[in-house]
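# Secondary and tertiary structure notes
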Amino acid sequence: MSRDNILHKVRTALGRSAGQAVADVPPVRLRLPEVAMEDRIALMRSRVEALAGKTARVPTMDAAREFVAAAIAGKTAVASNAPYLEECGIAGLPGVRSGIREVAELTEVCARVDIGITSADYALSDTGTLVMIASPAESRLVSLLPPAHLAVVPRERILTGLDELFTLLPDPAAQTSSMVLITGPSRTADIEQILVRGVHGPGQVTVVIVG
Amino acid sequence: MSAEFDLKIHDTLADANLQLAIYTATGRLKDKRIEVTADDRLPDYQELRTQANALKKHAIDNLDHYLEEFERNVEAHGGKVVYCKDATEVSDFVLDLARRRGARLIVKSKSMTTEEVDLNERLEHHGLESVETDLGEYIIQLAHEKPYHIVAPALHKTRYDVADIFTKELHVARETVPEKLTLIARGVLREKFLKADIGISGANFLIADSGAVVLVENEGNARLTTSAPKIHIAVAGIEKVIPRAQDLAVFLKLLARSATGQLLSVYTSFLAGPRRTGEVDGPEEFYVVLLDNGRTKLLPDRSKRQSLYCIRCGACLNACPVYRKIGGHSFPWVYSGPIGAIITPQFMGVSHEPALPFASSLCGACGEVCPVKIDIPKVLLELRSDVKKSEAREGQNRIEKLAFRVFAWVMTHPRIYELAGRMAGSMAPAGDGKWIHSVPAPMSVGPMKAWLSQRDLPPSPSRSFREMWRQR
Ligand code: SF4
């Protein structure tokens, strides 16, 4: 078996013995800047927009529902099982499929509809990023298969950046099999370095900040 | 220098369109990197590089420890780790799993490691369909070529080339607009994603303390590869392991900036094991293949082992004046540019392409841009010395040795030196004070001829410096 062989080669080459502890681990480097909420929101919006994403800010959950209803306007959509979408009344909007818990059905619906609606566990303002943690509430495919992704995020979930995220979640694997950071619409520049959006993932990303 | 290496370099230099394509693409990537790592945009850039270097050094110096920790944690989350020593072991593992699960269609997301072991070819040889899904890689696969650049695999293809490839291989109406070409690929590949039995990805990082595989990409094909099929296999070199999830705060800030000038790539996936109870979607089986394929050969040498710190950002290619002239396909293996010049001889042996460590002007640009601070010029020099030692063992460099002995003798005897200078002056064409484009036939032989074929000589002065000094 190659396992023992490879590990043996590694140890011999490094002059280490099996089970030998490690010394001088470089300390974790996380910096937490203090940034006021309004500034985080402003930066989040400008980062997303710089990537050709759209943003909106609405004062209340009811206003969020109205915004989403207008955005759907005759198109079809699927909503994740996020409790926040339920509380906003978004999951129950006309044209929105929701409450799907079975993978075959979810795949089929996500591959067909125009818009995938999710919340987000966090957002990172200094990069314009949505943090999606897979759970019974959020699946992987809703933010991936439809050509447009719309995320409704209460403002208190907006963090400063990666350092704050990994301070809050020192080990994301403790709670999920999949954490995805989404920074703008899917893109490629593989043909002559010309930017094209929406190659495999959604070509449109809209972030609705509530509050 | 092997004839093949020589020929490919000449072909690239002679192709004006290709020269322009390489120059523009690398130039753009280079400028974007400079912009987002500037002091006012990322004040702690140098500190982050220092930390990234320290983390990589620590992880490689204690590699066995972190591999075992990684393995334990993958298994704790219900995944499985498979160690493979070479290409055959990787393809045997995949083939065996495919056979047991009745799998036929495999989707792949971009991975230099699987390029290294020719995984697609090996799987297709055994009747499986293995489809690349990154747009650039897909174009390259359809064209039966190797990636031209670590980050931009189809850098050398124009939209018209891609149009030709798509019409020929996919039997679609000819389109030359990049948006439309992209849509064609999206349509074809979407079908494959939804039907695929297995998804194979690479890994940008392996996280020891959480047993996670981290994938960084812009298109969404890696997300689809690892979300839609029932089985996910990540193939990674053993050197990809880093100690903690928290270290990602350092590496993620550097990787996208160095690679494409983005603050973060569009998608960063942190994947730990198969779908868990309650989660709605995701793979049912999760495997991580840890590949040696020559990596352990780099470990004994304390200096050269830094070659394993590489996070494959491609910045050294874009910064390299040699890569920007000779391009990616001149290099003898899948890795090109400065990083290719240091890892190819170490993985394959220095005699594989002895000229490789010499294909550099040692200008130092690669080391300056490397986000993990690999001292590439230093490793190049060490490899040059290895090449010379191995040639000496094989008695190949007798003439060269003789030449250097003569050179040393001339340089240490002032009279002889002066005489040699005068002789050279009288032999070389005067050029009337202009640069000299061709030299008399007797001088244009062997290595001299190769050297002069791409270079002009300065005019020889009418009086040497020594003469001027005496007559002052
Ligand atoms: S050697 Fe450094 S600069 Fe070159 S690809 Fe690797 S990490 Fe990037």
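Model, not experiment: these values are computed from the prediction.

### Concerning the overall build of chain B
When helices and strands are counted, chain B shows 21 helices and 10 strands. Here chain B holds 472 residues, and 57% of them are scored as buried. Expressed as a percentage of contacts within chain B between residues at least 6 apart in sequence, the contacts between residues at least 24 apart total 72%. Of the charged side chains in chain B, 63 are positive and 60 negative, and the gap between their average positions amounts to 5 Å.

### Details of the overall build of chain A
For chain A, the count of helices and strands is 6 helices and 12 strands. With respect to the principal axes defined by its C-alpha atoms, chain A has extents near 65 × 45 × 40 Å. Counting every position in chain A, which comprises 211 residues, the buried fraction comes to 55%. The positive charge centre, built from 21 side chains, and the negative charge centre, built from 23, are 4 Å apart in chain A.

### As for a nonpolar patch on the surface
Residue and element names in this part refer to chain B. Together, F404, F407, M411 and Y417 give the surface a local cluster of nonpolar side chains, amounting to about 450 Å² of exposed area. At 3 residues, helix α18 (residues 398–411) tops the list of elements feeding residues into the nonpolar patch. Mapped onto the elements, F407 comes out in helix α18. Take F407: its relative accessible area is 48%, and that puts it in the partly exposed class.

### A short note on unusual backbone geometry
Phi at A52 of chain A is positive, roughly 70 degrees, even though this residue is not glycine. You can see A52 of chain A is positioned in the loop between α2 (37–50) and β1 (54–58). Of note in the backbone geometry, N293 of chain B takes a positive phi value of approximately 50 degrees without being a glycine. Within the element layout of this structure, N293 of chain B appears in the loop between β10 (285–291) and α13 (315–319).

### What to know about the sheet that holds strand β6 (residues 212–217) of chain B
Spatially, β8(A)-β5(A)-β6(A)-β9(A)-β9(B)-β6(B)-β5(B)-β8(B) is the arrangement adopted by the 8 strands of the open sheet, whose pairing is mixed. A single partner strand is all that each edge strand has here, and the edge strands are β8 (158–159) of chain A together with β8 (241–242) of chain B. In the packing of helix α12 (residues 248–260) of chain B onto the sheet, contacts are made with β9 (178–182) of chain A together with β5 (205–207), β6, β8 and β9 (267–271) of chain B, and the angle to β5 of chain B comes to roughly 170 degrees.

### With respect to the environment of P154 of chain A
All names here are of chain A. Its location among the elements puts P154 in strand β7 (residues 148–154). Residue class for P154 comes out buried when judged on its relative accessible area of 4%. As for P154 and L32, which are separated by 122 residues in sequence, their C-alpha atoms are 21 Å apart. Ignoring any residue separated from it by four or fewer positions in sequence, one finds P154 in contact with Y84, S119 and V210.

### Here's the deal with the domain arrangement of chain B
In terms of domain boundaries, chain B breaks down into domain 1 (1–36 + 304–396), domain 2 (61–293) and domain 3 (398–470). Taking only C-alpha atoms, the centre of domain 2 of chain B and the centre of domain 3 of chain B are 54 Å apart.

### Description of the packing of aromatic side chains
Two aromatic rings, taken as a pair, are described by how far apart their centres are and by the angle between their planes. Residue and element names in this part refer to chain B. Tallied over the full model, the rule gives 7 aromatic pairs over all chains. Taken together, a centroid distance of 6.2 Å and an interplanar angle of 55 degrees make the contact between Y138 and F166 tilted. Placement of the pair is Y138 in helix α8 (residues 135–142) and F166 in helix α9 (residues 159–170), with a sequence separation of 28 residues. Across the pair, F166 and Y138 agree in class, each one buried.

### Regarding the site of the ligand
Around the ligand, the neighbouring residues are C310, I311, R312, C313, G314, C316, I339, C370, P371, V372, I374 and I376 of chain B. In terms of residue class, the shell around the ligand is made up of 10 nonpolar, 1 polar and 1 charged.

### Considering the confidence of the model for chain B
When pLDDT is averaged across chain B, the result is 91; 95% of the residues are at 70 or more. Here the predicted complex scores 0.91 on pTM and 0.98 on ipTM.

### Examining the nonpolar core
Residue and element names in this part refer to chain B. Core analysis: the largest hydrophobic core is formed by 110 residues, its most contacted members being F70 and F205. Per-element accounting of this core gives the leading share, 8 residues, to α12. Residue assignment places this core across two domains, with domain 1 (1–36 + 304–396) and domain 2 (61–293) each supplying three or more. What F70 contacts, discounting residues up to four positions off in sequence, is V81, L206, I207, A208, G211, A212, V213, V241, V288 and L290. Among the nonpolar cores identified, the runner-up in size contains 32 residues, and I165, L181, I184 and L189 belong to it.

### Describing the packing of helix α15 (residues 337–348) of chain B against helix α17 (residues 376–393) of chain B
Residues and elements named next belong to chain B. Axis separation between α15 and α17 bottoms out at 10 Å; the angle between their running directions is 40 degrees. Remark: the crossing between α15 and α17 carries left-handed chirality. Of the residues in α17, those touching α15 at P338, A341, I342, P345 and Q346 are I376, V379, L380 and L383. In the contact of α15 with α17, the residues fall into 8 nonpolar, 1 polar and no charged.

### Brief notes about empty space enclosed by the protein
Residues and elements named next belong to chain B. In this structure the tally under the stated criterion is 6 cavities of 30 Å³ or more. Taken as a whole, the largest cavity holds about 120 Å³ of empty space. Forming the boundary of the largest cavity are 18 residues, of which C320, P338, S360, C366 and L380 lie nearest the centre. Only α15, α16 (365–369) and α17 provide two or more residues apiece to the lining of the largest cavity. It is α15 that provides the largest number of residues to the lining of the largest cavity, a total of 3 residues.

### Here's the deal with the interface of chain A and chain B
A common way to state how big an interface is: give the accessible area lost once the parts meet. The interface is formed by 79 residues belonging to chain A together with 91 residues belonging to chain B. Summed over both partners, the interface of chain A with chain B comes to about 7100 Å²; 58% of that surface belongs to carbon and sulfur atoms. Its largest share of buried area at the contact with chain B, chain A owes to R29, I191 and H200 of chain A, together 12% of the area lost on that side. At the junction of chain A with chain B, the criterion picks out 11 salt bridges. Between E47 of chain B and R29 of chain A there is a salt bridge whose closest N-O contact spans 2.6 Å. Between the two partners, chain A and chain B, sit 39 residue pairs in polar contact (both at pLDDT 80 or more). The set of elements that each furnish at least two residues to the side of chain A that touches chain B consists of α1 (2–14), α5 (103–112), α6 (162–168), β9 and β10 (187–188) of chain A. Taken together, the residues that form the side of chain A that touches chain B break down as 39 nonpolar, 23 polar and 17 charged.

### A closer look at the sheet that holds strand β4 (residues 198–201) of chain B
All names here are of chain B. Judged by pairing direction, the sheet is parallel, and its 6 strands sit side by side in the order β1-β10-β7-β4-β2-β3 without closing on themselves. Strands at the two margins of the open sheet, each flanked by one partner only, are β1 (80–84) and β3 (129–132). Sheet twist, expressed as the mean angle between neighbouring strand axes with direction ignored, is 20 degrees. Where strand β2 (residues 105–108) and β3 come together, 4 bridges link them in parallel fashion. Within β3, the position partnered with L105 by the bridge is E129. Along the sheet, helix α4 (residues 63–76) makes contact with β1 and β10, crossing β1 at roughly 140 degrees. Strand contacts of helix α5 (residues 87–101): β1, β2, β4, β7 (231–237) and β10, with the helix running at about 165 degrees to β10, the strand carrying the most contacts.

About the thresholds
Residues numbered from 1 in each chain as written. Chains lettered and ligands numbered in written order. Predicted model: local features only at pLDDT ≥ 70, side-chain atom pairs only at ≥ 80, totals over all residues. Heavy atoms only, no water. Helix = DSSP H or I, 4+ residues; strand = E, 2+ residues; numbered from the N terminus. Buried < 20%, exposed > 50% of the residue type's maximum accessible area, 1.4 Å probe, protein only. Contact = heavy atoms within 4.5 Å. Lys, Arg positive; Asp, Glu negative; His and termini not counted. Charge placed at Lys NZ, Arg CZ, Asp CG, Glu CD. Patch = residues over 30% accessible without salt bridge, like charges linked within 9 Å, V, L, I, M, F, W, Y side chains within 5 Å. Areas by Shrake-Rupley, 256 points an atom, 1.4 Å probe, with all protein chains shown as cover. Salt bridge = Lys/Arg side-chain N within 4 Å of Asp/Glu carboxyl O. Pairing = 2+ DSSP bridges. Axes fitted to C-alpha atoms, helices over the stretch in contact; angles between N-to-C directions. Domains from an automatic or database assignment. Phe/Tyr/Trp six-rings, centres within 6.5 Å; stacked < 30°, edge-to-face > 60°. Near = heavy atom within 4 Å. Nonpolar A, V, L, I, M, F, W, Y, C, P; charged D, E, K, R; others polar. pLDDT = per-residue confidence, 0-100. Core = buried A, V, L, I, M, F, W, Y, C linked by side-chain atoms within 4.5 Å. Left-handed = near helix turned anticlockwise from the far one by under 90°. 1 Å grid on protein atoms, 1.4 Å probe; cavity = no way out; pocket = protein on both sides within 12 Å on 5 of 7 lines; lining within 4 Å. Points joined across faces, edges and corners; volume = space filled by probe spheres on them. Buried area = accessible area lost by both parts, 1.4 Å probe. Polar contact = N/O pair within 3.5 Å; in protein donor to acceptor, adjacent residues only side chain to side chain.

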